[in-house]
Every structure is written in structure tokens, then in C-alpha cells.
Amino acid sequence: MHPTQTGNEAPTIASEQSIHTDVSLLERDAELDAIHDEIVASTDGSGRLIIIEGPSGIGKSSLLIAADTIGRDLGAQVLITSGGELEREFLFGLLRRLLEQRVARAEPDERKAIFRGHAGLVESLLQPQTLASEPSLTDEFQLIHSLYWLVVNIADDKPLVLIADDLQWADDQSLQFLLYLAERLGDLPITIIGVVRTGDPEAENELVARLMLRADRSIRPRELSREAIRQLLGALLPEEGDDREALVDDSLRATRGNPFLLRELASGIRARPENGLAAVAATAPASVARSVMLRLSRLGDDAVALARAVSILGTSTTPSVAARLARLDFAAATIAADRLASAQIFSDRTELAFYHPMIRSAVYDKYPPDDRARAHLEAARLLSEQQVDHEGVAVHLMRGAPTEEPWARTALQSAARSAGRKGAPGTAVGYLRRALEMPAGAAQENASLLFDLGIMEAAAGERTSLSHLERALQLTEDPDDRARAMFGLGQTLFRYGRAAEARTVFRRGADAFHEVDRDTALRFEAGYAASATYLIQGLREAHDRVAALAESFPEPERLSPAERLLVLHMVVFRAMSEPRSAEHAELALRALGDGVQLWRATSDAMTISHAMLALTWCGYAAEAAQFCERALAEARTRGDSLVFAELSLARSMAMSALGRVGDAMVDAQAAIIGMRRGWKSTVPAPQGLLAYCLIERGELDEADAVIDVASRSLRDGETETLNVWFYMARGRLRLARGTAQEAAEDFLHAGALLEARSFMNPGYMLIPWRSSAGLALHAAGHPDRARELIDRDIVLARQFDLPSTLGAALRCRALVAAGGPDTTLLAQSADVLSHERSSPLELARTLVELGAAQRRAGQRVRSRDALRRALDLAHHAEATDLERRAHEELLASGARPRRAVLEGPDALTPSEQRIANLMATGATAREVAESLYLTISTVGWHRRNIYRKLGIGSRDELADALAAQ
């Protein structure tokens with residue numbers, strides 16, 4: 001046996017580490033083969049996610065060490081880190097530890113390549129700097145998307161293996177990123193290897209569970225067999241000759257073959273050889289802490305102090321900081337680290353990490369609570385002095401003893417702003433509340449904290465935001481701080497679907513700055529108008545307020561940016577309710593300029609998106625689509641996916657009005673994706689538009705599913721008017737399925753909501769609700785009421801000067817005429833819909849009805865011209881259901897219509913068309929993927945289909961092939 005080791009003696013087990021290495025992978029050949037095979041597959045460009053799961057001490061970390069070696073032997077670059085039990089609130093902490101080491105060693109040219117494209121948005125995340133003073137919010141999805149491209153860029157050089165131990169302790173943002181990356185591994189030379197400790201309550205985290213379910217290979221190491229235990233104990237206790245078999249049997253009963261507990265058992269026998277087999281009985285998870293603390297106490301006071309310091313600092317520590325926290329000079333700390341590594345309490349002598357999480361927990365839990373709180377505070381002070389990222393400081397302040405020192409408040413506020421930028425407002429709220437618990441600083445400092453808290457609470461969906469804003473306003477007189485905080489709060493509330501609260505904030509801002517700064521006050525007035533747009537109460541007041549302010553404005557070309565915002569809102573109100581749409585649209589176009597410059601000058605994307613909607617309602621959908629394209633490019637550059645969702649809705653509406661079903665569908669889906677990131681300002685409008693598109697394509701079951709989901713997010717109270725999109729979509733679906741009475745009820749309910757708000761524009765819903773209700777009522781046996789409603793639409797459409805709406809209403813009136821369809825009215829409808837501002841899809845609908853009526857009247861040859869034209873228009877609109885009907889009518893007329901297009905530009909789907917257009921302008925597959933939030937493999941798949949349909953073999957031929965369209 002080894003001699004007993006006392007406190008200050010030189011370590012005697014250094015040579016045993018090499019023995020441990022030899023035996024640490026006993027009975028792990030199958031697991032090693034699986035890891036090898038998956039990394040090989042990944043290096044060939046087919047990424048893999050491997051999850052190693054099992055109870056504490058089963059040998060998961062040994063497999064990770066082996067995976068590191070396997071990856072490097074196969075020519076991959078390997079990055080490895082671990083979750084920390086004390087660091088779950090350290091946003092992107094695990095991911096930053098994983099990537100910072102790679103970024104830090106990159107040469108300047110390589111660094112430039114790593115951060116190219118979307119990845120450039122996260123350069124500051126991996127190179128922490130002092131944050132800007134304003135508390136701006138960057139949404140989490142955009143950050144994760146940019147990190148994805150950073151990892152893709154790193155893997156461009158050579159295959160990449162990402163290894164993360166103890167995922168159950170990782171922060172949620174890092175887990176969300178790993179899940180996002182795992183879902184897009186198919187075409188990447190990247191292996192993710194994660195370890196999860198089963199049986200730990202933290203492993204019940206939903207994100208961890210989703211990651212485990214997503215794994216391509218799950219590896220579950222099993223307990224060692226009796227023979228393996230014999231080999232392990234033979235290596236660790238070579239001098240234990242007597243009673244060897246009894247030792248093996250007792251060890252199996254005590255540890256159930258857990259490798260870590262077996263090694264702890266061997267350490268206990270070495271440390272207390274006189275106990276012999278008696279040490280086995282005490283070897284169990286509950287007694288490991290006693291064993292560890294006993295071994296630790298024998299290594300001397302310096303070792304105890306250093307171990308406690310490292311247990312406080314967690315995985316993000318350096319030897320110098322640990323030494324200072326332990327109150328040791330560097331030489332003494334180095335000697336203590338050697339002893340701790342030799343005793344297998346630390347994993348090695350340089351990284352200052354515990355050999356096993358159970359050991360760290362044992363040391364941390366045995367630290368007296370009051371001393372532990374003081375140690376956390378001291379750790380925060382040391383890290384702050386070293387200008388470590390403020391979030392690392394904040395983690396310790398949240399667990400530390402109370403302090404009155406000003407630096408602590410500053411660190412917590414900086415950490416809160418960082419958390420807000422990373423899409424974690426709930427964490428930011430916790431930091432700010434802790435800062436406000438500290439003794440009060442200067443009034444301006446408290447005001448700044450309260451402003452930030454109000455904004456973060458709003459983003460987190462907490463109702464206390466306004467009260468904190470009120471308190472802040474009482475404490476500060478700085479106008480810039482007041483304006484910035486209040487405007488940011490209002491926008492946040494609006495985008496998160498809390499328009500009534502946003503209106504209150506904007507109104508207070510307008511009143512507060514009325515006598516101080518006219519332009520600032522007008523910006524708040526614009527925010528007030530935007531928030532009031534969808535509210536039942538206060539819309540008329542907002543309209544009158546805007547109109548009164550605008551009376552003194554100069555000509556549009558001489559307006560200031562803030563004045564232009566108010567003019568645009570005046571247009572929005574008029575577009576919804578007042579005739580002469582062309583005049584409203586022309587005024588909007590003059591006030592907008594190019595749209596993007598106005599957004600940059602005022603930080604007000606709410607007004608820009610509303611102006612796009614107003615243009616569509618006024619029949620200027622083509623101009624709205626062009627403005628949206630520019631604004632979406634700006635949103636993409638800014639990385640603002642909430643605004644991207646808002647503008648996608650506006651473009652979806654414009655595309656619907658233009659009769660471009662495929663494009664409208666893509667944009668509606670983009671807006672719905674934004675809902676997952678918190679955007680809710682006009683929900684359920686995007687679901688309604690998507691259902692519109694699905695109905696046009698004849699995909700009624702799919703439309704039903706969308707409507708069913710939308711029914712769970714209907715608005716109530718002051719924003720109930722937004723539900724019109726749900727009722728119109730459901731009414732159209734019910735009418736398509738033949739339940740006419742129920743369809744009529746939906747259309748009429750939508751109309752009641754609109755009329756209660758004086759929304760008289762019959763083109764507001766793109767498809768006039770009165771005419772839709774008329775068709776349903778006629779089918780349900782109420783012809784007089786049907787004609788009355790449709791006639792009202794015809795009058796309004798002429799008053800508002802909306803050719804598409806007028807043509808649609810005339811068609812509906814023809815279909816409910818006594819005695820059958822009125823071909824004269826249908827011809828009149830077709831004539832109106834030939835206007836350049838009319839929808840080709842509406843014209844196609846009329847032509848189908850006209851051709852069908854002519855055929856039934858015996859004019860078969862004459863009907864074919866209308867039906868062929870309808871078929872062509874419906875095909876280009878991607879209105880599959882209408883195209884099918886036109887095809888059937890042509891067959892019935894005796895014609896031989898063409899088959900569906902399988903080749904050529906017209907055969908491209910909406911997604912293929914959009915990708916082809918981007919590629920034709922010179923965008924690479926990577927740039928297309930970044931722009932449209934796709935994976936490179938998805939773009940490649942679409943590209944192959946595009947080339948096949950166009951009959952080309954390279955990008956050089958693409959532009960000419962598309963020109964044929």
C-alpha cells in the first residue's frame with residue numbers, strides 16, 4: 001500500500017495519472033467507435049449531434065477527452081468547454097467560452113474571414129467592450145442566427161468539433177444556439193458533442209430535452225462489469241493482494257460499477273490504508289463530500305483556500321484571480337494547485353478546474369453560507385478591477401453579500417444592458433432590481449436604472465414598467481435620457497402587442513416635450529398615432545390631434561423628418577376611412593422619400609410600416625412593395641428581426657393586393673416566424689393573410705390548420721379590431737367548403753368590427769367584406785340582403801377610386817343577379833379590372849366567371865378567349881385553385897388547354913423564384929442563405945431545381961433564362 005500522505009508532504013500519486021488514463025476507458029470500445037464514426041461522417045460534410053448521457057461519475061468526461069483526441073487525429077479543429085453550475089445566468093456563457101479561444105488565436109486576416117457577412121454582428125459579443133449608454137434591445141433570434149454563421153465561417157477552414165460538458169448547467173441562450181445549429185447541421189462539417197448528467201434536476205430543462213431528442217447518436221455509458229472493476233482496482237491499488245476478490249465484490253455492491261466512485265474508493269483506501277475494506281462501505285454518492293473534504297484538509301490550508309476560491313469562481317477563472325481571492329501569493333497558489341491536481345481534486349495544474357463536478361459541489365456546499373456570500377462579493381470586486389465582462393461580475397453580485405459600493409451598481413446596470421442586447425430581458429430585470437436594492441446613488445443614477453428597468457420589464461411582459469418609468473421621470477431632468485428611454489419603451493410595448501400601454505407612454509412623451517423640443521414631441525405624437533391605429537378607444541382623438549398639428553406644416557418637400565411622420569399618420573387615418581385614395585397615396589409618396597432615410601433619421605419603423613399598409617389600401621400596392629423591399633434590406637442589415645416581421649406583413653399585404661400569391665405566402669410566413677421572437681403588434685393579421693394564400697392554392701386543410709392556430713391568439717379588449725383578419729379568412733374557408741350561412745356570419749362580424757371604427761375603405765381587407773358576405777348570403781338563400789351589401793361596396797369603391805375593389809364588387813353583383821350570372825356586369829368588371837392598378841388575380845376570377853357563363857349560354861367558342869386568359873393569369877399568380885377551375889372550364893368548352901408548366905421560368909415556385917432572382921444579381925449561395933434565413937444545403941437543393949427547370953447548367957446562364965419570363 002501507499003504510505004499515508006499528510007498535509008505538506010510531496011504528492012506521491014503523480015505517476016498514477018498515467019495509470020488512470022490507461023484504465024479510464026475500460027469497456028468503452030463501442031462508445032469510442034460510435035464517436036469515431038460520427039466525427040468521420042461530419043468531416044465529410046454531414047454534420048452530427050452526439051449526446052452522451054448518464055449519471056454522475058459514469059465516465060462521460062473520459063469519453064470527451066477521447067473525443068478530443070479522435071477529432072484532432074482526424075484533422076478537425078476541436079473546441080471544448082463545460083457548463084458551470086453557478087453560471088446559468090451568464091448569457092451565452094458556455095458558447096462564449098467555446099468560441100472565444102478560437103477567435104483569440106486567429107490572425108488578422110483569418111479574423112476578418114471568421115466575422116464576414118452576418119457573423120460580423122456578433123464580433124462585439126466575443127470581444128467584450130464597454131457597452132453604449134442607451135439600453136437598446138437586439139432580439140435573440142438575430143443574435144443566434146449571426147452566431148450560426150460565425151460557426152459556419154470557422155468550419156470553412158477545416159472540420160470543426162464542438163464539445164460541451166455538463167449541458168444541464170449551460171445558460172438557456174447557449175442551449176438555444178446549439179439547438180438552432182443542430183437543426184442545420186446537414187450540410188456542415190461540424191460535430192457537436194454534448195454531455196448531460198441524468199438524474200440532475202437541471203437536466204429537466206426543456207431546451208436540454210429538445211437537444212437530446214434531436215441527437216443523431218445518443219451514447220449511454222454503462223456501469224463497469226465485475227471484470228472491469230477487477231482491472232481498475234488492480235491498476236489503482238496494485239499492492240492490494242489479500243482479499244482481492246472480496247474487495248472487488250464489496251466494491252461492486254458499494255459503487256454499482258460507477259467509475260468515479262470506484263476511483264474515490266481507491267483514493268480512500270490509499271489515504272487510510274489501515275481501514276482496508278472498511279473504506280468500501282463508506283463509498284457512495286452521499287459520502288463523497290466527506291471523503292473529498294477529508295482529503296482536502298490533509299493538503300494544507302493553502303490548498304483548502306485555493307479550492308474554495310475556485311469553487312466560487314466557477315469555470316471562468318484564471319490562476320491569478322483565484323490566487324487573489326484565496327489571499328495567496330502566486331507561488332503559494334501554484335504549489336497548492338499542484339497538490340490539488342495530484343490528489344485528483346483539480347483536473348490539472350494550470351486550468352484550475354475541478355476533477356469532477358461532484359468534487360466542486362462538495363467544496364462549495366461545505367463553505368459556510370455567510371463566508372460564501374462574502375467570497376462572491378470579493379470575486380465580483382476582483383473581476384470588476386480586471387475589467388472582466390460585466391455579466392461575469394453580475395453573476396457574483398447576485399449571490400454575494402450586500403454592498404454599498406457604487407461600482408457594483410454600475411456593473412449590474414451594464415450587465416443588464418448586455419442581457420437586453422442579447423434578447424434576455426428577464427435576466428436584465430433581475431440585475432436591475434438587485435442594483436436598485438442597493439443604497440441610493442445620485443438621483444440621475446437612479447433614474448437611469450429605472451429607465452432601463454422599465455424598458456426591460458416591458459420586453460419581458462411585466463406590467464410594472466410604467467410605474468418605474470414614472471418614478472424615473474420624477475428623478476431626471478436630462479431631456480435626451482428621458483426621450484430615449486420613453487421612445488424605446490413605447491416601441492417595445494407596441495411590437496410586443498401591448499398597444500394601449502404604448503399609446504400611454506407616447507402620449508406622456510409628447511406632453512412632456514411639448515414645450516422643450518418640438519421635433520422630439522412630434523416623434524412621440526407619431527408613436528401615439530401608430531399605437532392608436534388598432535385601438536377601439538382613442539382613434540378619432542389621435543386622428544384629430546394629428547390633423548390639427550399638420551395644419552401648420554409646410555409643403556411636404558419642406559417638412560422636417562418628424563413632421564413627415566405626422567403627415568404619414570394623417571394619410572393612414574384617411575386611407576382607412578376617407579374617399580379619394582389616390583390623393584392620400586400621392587401625399588404619402590411625397591412624405592416618405594425613399595422611406596429608409598426617414599427611418600434612419602427618426603428611429604421610427606412603426607410609421608414606415610403603417611405607411612406601406614396605407615399605400616396598399618389606397619390601391620398603390622406596387623409602390624408599397626418597392627418601399628418594403630428597401631426597408632426589409634435595412635432591417636436585415638440592422639439585424640432587427642422584429643421590424644423585419646412587421647415589414648414582412650406589410651409586403652405580404654402588398655403582394656396579395658398585386659395578386660402574387662406565392663410571394664404573399666412567403667412574406668406572411670416570415671411575419672409568423674417573427675411571432676416566435678415576440679413580435680405581436682398586428683397578430684392575427686399574418687395568419688389571416690397566409691390562410692388567404694392557402695385558399696387561393698386550394699389547400700383548404702392547411703388553411704384550416706392555420707386558422708385553428710390563429711383562433712388561440714385572438715385579441716380582446718381594445719385591440720379586438722385586429723381579429724377582422726381571422727374572421728375574413730375563416731369566412732372565405734367556410735364559403736369554399738360550402739357552409740354559406742356560417743361564412744356570412746364571419747364576414748358580417750368582421751364588417752361590424754370595421755364599421756364600429758369607421759373603417760369605411762372597402763379595400764382595407766383586400767377582398768371587400770360586404771361583397772364576400774353577399775355571396776355567402778346569396779348561397780344561403782338571402783338574395784335581397786346580398787344585393788344590398790354588394791351595391792354598397794360598389795358605391796364605396798367608386799368613392800374611394802379603387803379599381804380592384806370595384807371590379808370585384810361588380811363581379812359579385814353579377815353572380816347574385818336574378819336569373820343567373822349577368823354577363824354584362826361581368827364584362828364591365830373585366831373592363832374595370834384591366835386598369836393598371838388592378839389585381840391580375842381579381843381579373844382572372846372575373847374572366848373565369850365570364851367564360852363559364854358564356855359557355856353555359858351556348859357560346860362555347862367565345863368563352864375560350866376569356867378562359868385562356870384567366871388560366872394564364874391564375875397560373876402566374878400561383879392561384880392553383882382558380883387555375884384548376886379555368887382548366888376544367890376550358891375542357892368543358894371543347895378546347896385543349898396546355899398542361900401545367902413543368903419547365904421554364906413560369907415553372908419556378910415562389911421560393912425558387914426569389915432565390916433565382918437573388919442569384920441572378922450575383923448573390924452567392926451563402927449570401928442567399930443568410931438573407932433568407934435558410935441553410936446552405938437548402939439553397940443548394942433549390943438551385944439544382946432551378947437549373948433543371950430552366951434547362952441551364954451554370955449561374956452565368958441564369959439572368960438570360962429569367963429574362964425570358
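These numbers were taken from a predicted model, which means no experiment stands behind them. (Residues numbered from 1 in each chain as written. Predicted model: local features only at pLDDT ≥ 70, side-chain atom pairs only at ≥ 80, totals over all residues. Heavy atoms only, no water.)

**Thoughts on the overall build of the chain**
Along the backbone of the chain there are 50 helices and 5 strands. Taking all 965 residues of the chain together, 59% fall into the buried category. Of the contacts made within the chain by residues no fewer than 6 positions apart, 71% connect residues no fewer than 24 positions apart. (Helix = DSSP H or I, 4+ residues; strand = E, 2+ residues; numbered from the N terminus. Buried < 20%, exposed > 50% of the residue type's maximum accessible area, 1.4 Å probe, protein only. Contact = heavy atoms within 4.5 Å.)

**Brief notes about the packing of aromatic side chains**
Under the counting rule described, the total for this entry stands at 11 aromatic pairs. Ring geometry for Y148 and W149: centres 5.1 Å apart, planes at 75°, overall edge-to-face. Taken individually, Y148 and W149 each receive the classification buried, so the pair is uniform in this respect. Between the aromatic rings of F726 and Y727, the centroid separation amounts to 5.1 Å while the plane-to-plane angle is 75°, which identifies the pairing as edge-to-face. (Phe/Tyr/Trp six-rings, centres within 6.5 Å; stacked < 30°, edge-to-face > 60°.)

**Remarks on the sheet that holds strand β5 (residues 217-219)**
Strand order in the open sheet made by the 5 strands is β2-β3-β4-β1-β5, with parallel pairing throughout. Bordering the open sheet on either side are β2 (77-82) and β5, each of which pairs with just one other strand. Neighbour-to-neighbour, the strand axes of this sheet turn through a mean angle of 15°, independent of strand direction. As paired elements, strand β3 (residues 160-165) and strand β4 (residues 190-197) share 5 bridges and run parallel to each other. When the sheet's bridge partners are listed, L162 is paired in β4 with I192. Sheet strands touched by helix α4 (residues 93-104): β2 and β3. Its angle to β2, the strand with the most contacts, is close to 145°. Where helix α9 (residues 206-214) meets the sheet, it contacts β1 (48-54), β4 and β5, and its direction lies at approximately 120° from that of β1. (Pairing = 2+ DSSP bridges. Axes fitted to C-alpha atoms, helices over the stretch in contact; angles between N-to-C directions.)

**Comments concerning helix α45 (residues 860-877)**
Owing to its 3.6 residues per turn, the α-helix aligns residues three or four sequence positions apart on the same side. With 18 residues, α45 extends 25 Å between its outermost C-alpha atoms, agreeing within 8% with the 26 Å of an ideal straight helix rising 1.5 Å per residue. Residues of α45 that are buried make contact with α35 (661-675), α44 (840-856) and α46 (880-892). Of the residues flanking the end of α45, it is E878, one or two places downstream, whose phi is positive at about 65°. (Expected span 1.5 Å × (residues − 1).)

**Some points on the side chain of S577**
One can find S577 in helix α29 (residues 561-577). Residue classification places S577 among the buried residues on the basis of a relative accessible area of 19%. In this structure the side chain of S577 is engaged in a polar contact, spanning 2.6 Å, whose partner is the backbone oxygen of S758. Not counting residues up to four positions away in its chain, the partners in contact with S577 are S758, F759, M760 and F800. (Polar contact = N/O pair within 3.5 Å; in protein donor to acceptor, adjacent residues only side chain to side chain.)

**Some thoughts on the packing of helix α2 (residues 29-43) against helix α3 (residues 60-73)**
To characterise two packed helices, one gives the angle between the axes of the helices and the distance between these axes. At a minimum axis separation of 10 Å, α2 and α3 run at an interaxial angle of 40°. Between α2 and α3, the interaxial angle falls into the category oblique. Here α2 and α3 pass one another in a crossing that is right-handed. Every residue of α3 that contacts α2 at E31, L32, I35, H36 and I39 is listed here: L63, A66, A67, I70 and G71. For the contact of α2 with α3, the per-class residue count stands at 7 nonpolar, 2 polar and 1 charged. (Parallel < 35°, antiparallel > 145°, perpendicular 65-115°, else oblique. Left-handed = near helix turned anticlockwise from the far one by under 90°. Nonpolar A, V, L, I, M, F, W, Y, C, P; charged D, E, K, R; others polar.)

**Some words on the pattern of salt bridges**
Following the criterion strictly, the structure yields 54 salt bridges and no others. Measuring nitrogen to oxygen at the nearest pair gives 3.5 Å for the salt bridge that ties R184 to E183. Its salt-bridge partner being E405, residue R381 comes within 2.4 Å of it at the nearest N-O pair. With R381 in helix α19 (residues 369-385) and E405 in the loop between α20 (390-399) and α21 (406-421), this pair connects stretches of sequence that are 24 residues apart. (Salt bridge = Lys/Arg side-chain N within 4 Å of Asp/Glu carboxyl O.)

**With respect to the environment of I536**
In this structure, I536 sits in the loop between α27 (518-532) and α28 (539-550). Taking relative accessible area as the criterion, I536 reaches 33% and is therefore assigned partly exposed. As for I536 and R757, which are separated by 221 residues in sequence, their C-alpha atoms are 6.7 Å apart. Apart from residues no more than four positions distant in its own chain, I536 is found in contact with G717, E718, E720, T721 and R757.

**Here we look at the nonpolar core**
W617 and W725 are the most contacted members of the largest nonpolar core, which totals 147 residues. In this structure, A303, A307, A309 and L313 belong to the second largest nonpolar core, which totals 66 residues. (Core = buried A, V, L, I, M, F, W, Y, C linked by side-chain atoms within 4.5 Å.)

**Topic: the pairing of β2**
Across the 6 residues that make up β2, a large majority, 5, are buried. Where β2 meets β3, 6 bridges bridge the pair, whose relative direction is parallel. Counterpart to S82 in the pairing with β3 is D165.

**Topic: unusual backbone geometry**
Generally, phi is negative for residues other than glycine and the peptide bonds are trans, each holding for most cases. Residue P684 follows V683 across a cis peptide bond; omega there is 10°. Within the chain, E27 stands out as a residue other than glycine whose phi angle is a positive 60°. In this fold, E27 is placed in the loop between α1 (16-23) and α2. At R327, a position not held by glycine, the phi torsion is positive, near 60°.

**Some points on the pairing of β3**
The two faces of the sheet receive side chains in turn, since in a regular strand these alternate between them. With 6 of 6 residues buried, β3 is to be regarded as a mostly interior element. The alternating pattern of β3 places L160, L162 and A164 on one face and V161, I163 and D165 on the opposite face, and all of these are buried. Remark: the β3/helix α8 (residues 172-182)/β4 crossover connection has right-handed handedness. (Right-handed = clockwise from strand over helix to strand, strands pointing away.)

**A word on the side chain of H543**
As for its position among the elements, H543 is in helix α28. Leaving out residues up to four positions away in the same chain, H543 has contacts with F573, R574 and E578.

**Things to note about α29**
For α29, built from 17 residues, the straight-helix expectation of 24 Å at 1.5 Å per residue is met to within 8% by its first-to-last C-alpha distance of 25 Å. Of all 17 residues making up α29, 15 are buried, and the element is well covered by its neighbours.

**Notes on the environment of G894**
Within the secondary structure, G894 is located in the loop between α46 and α47 (910-920). By relative accessible area, G894 is classed as partly exposed at 44%. Measuring from C-alpha to C-alpha, the distance between G894 and R864 comes to 8.7 Å, with 30 residues separating the pair along the chain.

**Quick look at the environment of V429**
Structurally, V429 is set in helix α22 (residues 425-437). Here the alpha-carbon distance between V429 and Q413, two residues 16 residues apart in the chain, equals 9.7 Å. Every residue in contact with V429, bar those within four places of it in the chain, is listed here: L453, M456, E457 and E462.

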